[in-house]
Amino acid sequence: MPLRCDQSALWPQLAAHYSSHGQYLDMRQAFAQDAQRFAGFSQSAPHVFADLSKNLWDRDTEALLLDLARDCGLAQHRDAMFAGEAINTTENRAVLHTLLRRPAGLVLPGDVPETAQRLAGVHHTLDAMLQYAEQVRSDAAITDVVNIGIGGSDLGPHMAVRALEEFRIPGKRFHFVSNVDGHELHHVLQGLRPESTLFLVASKTFTTAETMMNAHSALTWFAAQGGRDVARHFAALTTNIEAAGAMGITTTFGFWDWVGGRYSLWSAIGLPIAIAIGAQGFRDFLAGAHAMDEHFRTAPLAQNLPVRLGLLDVWYRNFHGFTSRCIAPYHAALGRYSAYLQQLEMESNGKRVAQDGSLLTCVTSPVLWGEPGTNGQHAFFQMLHQGADVLPLEIVAVRKASHPLPGHQQKLLANALAQTQALMVGKASDDGHRHFPGNRPSTLMLLEALTPASLGALIALQEHRVFVSGSLWGINSFDQWGVELGKVLARDLEARWDSGDVTGLDGSTAGLLQRLRAAPAA
Ligand code: F6P
């Protein structure tokens, strides 16, 4: 088990460094004093170049953070994950989403004995799933693919299918139904015909209430519309093939308990992506992620992009006390990117208890939020520039556009760059309303083009940076017990709906339940 950062001897040293130096750092002066600052704080990784220089740190800060990472055993913890050790301790499971993108036959140092067999299973399922994806692609009768799933069984495929729209097969529409709110499914069903629709029921557990309800409603709709061949029009993507069978779904693609839901888009859960971009596209997506895995696994910590980002996250959250990170992709196709990252980081690291069950003495995950640029500039960027809080901004920009419209891309990229510049440089004015304090942090990540491979690398980068901060905080980034209580209480309230029994409920919940059950008095 790694050493918690708040128990490391480096922790008070970092606190002292922050008090004496870190909190006063002015990036404008730091650039003036260090001609190599951009070079020193930019980092190339597979498919991603990141500029970390417009952030509130300097080489001394990063050196201390790297010492902290060494002291906490970050590299050993990372290696344990790649090797397949059961680092998800509360569920006694390995954490092996990286195996889903590992080339067949590749052996890594320290691999647990089960690895070869697991990897063979990964490729066996991948081949079957990609063959099925190609079959669906060439089936002109199927015009609509509906993914029914929620959380990790929705956000990843939804984000990626949208991001890779340029690579998407023409003639097929993709729909994502996640919410138990019947408006969503109803709206999608209205435009469909059973004979031209493929429903993918995506659920790791095949017990999630929302997905079960939506799947049942879709099956009912299918039968009511005269649909007959469930095996052709429904497929389940799940670790619980038995439960899918019990629902009457016999076309299935499986995966394993060592794939966390929010890390599952590389598994059978990625089937909508594979149908959208084809077998080769999906393999490229996996290859991009694998290239980032190799970077994370082998690059020295000081030149390791996920490590540098994760250390900066700890510095910001625990010493500067920044509570959120604004995510602004400057590419319209990345419209679901911030929603995807919210689950990835906040479900992974939104914890306050260490692996051993003791309470941490430090805070953990920031809030992630955001919208694509330049839209955000005309909405909430005001607060980034002049608000009372400092909110680090993280931009993803893509150098090459895939549309032919002249002038747009240059304007878009100029805006992305101008935001990072304005946040740092600021603008002095005697009129407080027009004064920009500057010295506000931002990171710019740059992709050459938005492709299956670069998206795979970008997402793997984000997974690993979340691993780094979670590992330093000493939490288990791979469970999510915090979602359970609400599920249990929702079941209890649903059961009380008919009877109206409010025994034992608090006053507010009882009052609201009564109001929701009854039409208001005229
Ligand atoms: O409730 C949270 C959660 O378990 C997520 O972690 C997961 O991605 C989502 O629900 C969906 O779960 P499943 O894929 O099992 O339906």
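The shown structure was predicted, so the numbers you read here are calculated from the model rather than taken from an experiment. (Residues numbered from 1 in each chain as written. Predicted model: local features only at pLDDT ≥ 70, side-chain atom pairs only at ≥ 80, totals over all residues. Heavy atoms only, no water.)

*Asks:* I'm lost on the packing of helix H7 (residues 155-163) against helix H14 (residues 337-349) in this one. Help?
*Replies:* Helix packing for two helices is described by the angle between their axes and how far apart those axes are. It is the contact of H7 with H14, at a shortest axis distance of 9 Å, that shows an interaxial angle of 155°. Judged by the inter-axis angle, H7 sits roughly antiparallel to H14. Like other packed secondary-structure pairs, H7 and H14 cross with a definite hand, here left-handed. Contacts between H7 and H14 involve Leu-155, Gly-156 and Met-159 from the first element and Tyr-337, Ala-339, Tyr-340 and Gln-343 from the second. Class assignment of the residues belonging to the contact of H7 with H14 gives a composition of 5 nonpolar, 2 polar and no charged. (Axes fitted to C-alpha atoms, helices over the stretch in contact; angles between N-to-C directions. Helix = DSSP H or I, 4+ residues; strand = E, 2+ residues; numbered from the N terminus. Parallel < 35°, antiparallel > 145°, perpendicular 65-115°, else oblique. Left-handed = near helix turned anticlockwise from the far one by under 90°. Contact = heavy atoms within 4.5 Å. Nonpolar A, V, L, I, M, F, W, Y, C, P; charged D, E, K, R; others polar.)

*Asks:* Can you walk me through the site of the ligand in this structure?
*Replies:* Around the ligand lies a shell of 14 residues, among which Gly-152, Ser-153, Ser-203, Thr-205 and Thr-208 are the nearest. One of the backbone nitrogen or oxygen atoms of Lys-204 is found 2.7 Å away from an oxygen atom of the ligand. The side chain of Thr-205 places a nitrogen or oxygen atom 2.6 Å from an oxygen atom of the ligand. Within the complex, 89% of the 390 Å² of free accessible area of the ligand lies under protein. Split into classes, the residues belonging to the shell around the ligand amount to 2 nonpolar, 9 polar and 3 charged. (Near = heavy atom within 4 Å. Polar contact = N/O pair within 3.5 Å; in protein donor to acceptor, adjacent residues only side chain to side chain. Areas by Shrake-Rupley, 256 points an atom, 1.4 Å probe, with all protein chains shown as cover.)

*Asks:* Before we go on, may I ask you to explain the sheet that holds strand S6 (residues 234-238) in this structure?
*Replies:* Hydrogen bonds along the backbone pair up the strands of a sheet, which may run parallel or antiparallel. Ordered by their spatial adjacency, 5 strands build an open sheet running S4-S3-S5-S6-S7, and the pairing between neighbours is parallel. Only two strands of the sheet have a single partner each, and these edge strands are strand S4 (173-177) and strand S7 (252-254). Shown here is a sheet whose adjacent strand axes are inclined to one another by a mean of 15°, direction ignored. Both strand S3 (residues 144-148) and strand S5 (residues 197-202) contribute to a ladder of 5 bridges, which runs parallel. (Pairing = 2+ DSSP bridges.)

*Asks:* Sorry, what's going on with the sheet that holds strand S11 (residues 442-447) here?
*Replies:* An order of S1-S2-S11-S10-S8-S9 is seen for the 6 strands of this open sheet, with the pairing classed as mixed. Both edges of this open sheet fall to strand S1 (42-45) and strand S9 (367-369), since each of them pairs with a single strand only. Averaged over all neighbouring strand pairs, the angle between strand axes comes to 15°, with direction disregarded. On the sheet, H14 packs against strand S8 (324-330), S9 and strand S10 (393-398) and is oriented at approximately 165° with respect to S9. The sheet strands contacting helix H17 (residues 452-473) are strand S2 (48-51), S8, S10 and S11, and the helix crosses S11 at an angle near 145°.

*Asks:* When you look at the domain arrangement of the protein chain in this model, what are you seeing that I'm missing?
*Replies:* According to the domain assignment, the protein chain contains domain 1 (5-72 + 299-479), domain 2 (98-280) and domain 3 (485-517). Inter-centroid distance (C-alpha atoms) of domain 1 to domain 2 is 32 Å. Listed by partner, the interface residues are 27 residues for domain 1 and 21 residues for domain 2. Looking only at domain 1, the three residues that lose the most surface to domain 2 are Arg-336, Tyr-340 and Gln-343, adding up to 30% of its buried area. Inspection of the domain 1/domain 2 interface yields 2 salt bridges. For Arg-262, the salt bridge goes to Glu-347, with nearest N and O atoms at 2.9 Å. On the surface where domain 1 and domain 2 come into contact, there are 10 residue pairs in polar contact (both at pLDDT 80 or more). (Domains from an automatic or database assignment. Buried area = accessible area lost by both parts, 1.4 Å probe. Salt bridge = Lys/Arg side-chain N within 4 Å of Asp/Glu carboxyl O.)

*Asks:* Would you explain the pairing of S2 in this entry?
*Replies:* Consecutive side chains along a regular strand alternate between the two faces of the sheet. By the bridge criterion, 4 bridges tie S1 to S2 in an arrangement that is antiparallel. Bridge pairing links Ser-42 to Asp-51 in S2. In textbook terms, the turn of a hairpin is the stretch between consecutive antiparallel strands, and for S1 and S2 this stretch comprises 2 residues, one of which, His-47, has a positive phi near 70°. Two elements, S2 and S11, share 3 bridges in a ladder whose sense is antiparallel. Its bridge partner being in S11, Phe-49 is matched across the sheet by Leu-446.

*Asks:* Mind showing me how you'd approach the UniProt feature "active site" (unreviewed entry) in the protein chain here?
*Replies:* If you check UniProt for "active site" (unreviewed entry), the listed places come out as Glu-347, His-378 and Lys-487 in our numbering. On the basis of their most widely separated C-alpha atoms, the annotated residues across 141 residues do not gather in one place, lying as much as 37.2 Å apart. Structurally, Glu-347 is set in helix H14. Non-local contacts of Glu-347, meaning those with residues more than four positions away in its chain, are made with Arg-262, Gln-342, Asp-479, Gln-480 and Val-483. Only 2.9 Å separates the side chain of Glu-347 from the side chain of Gln-343, close enough to count as a polar contact. Examined against the element boundaries, His-378 turns out to sit in the loop between S9 and helix H15 (381-386). (UniProt positions renumbered as here; feature names shortened; annotations may be inferred.)

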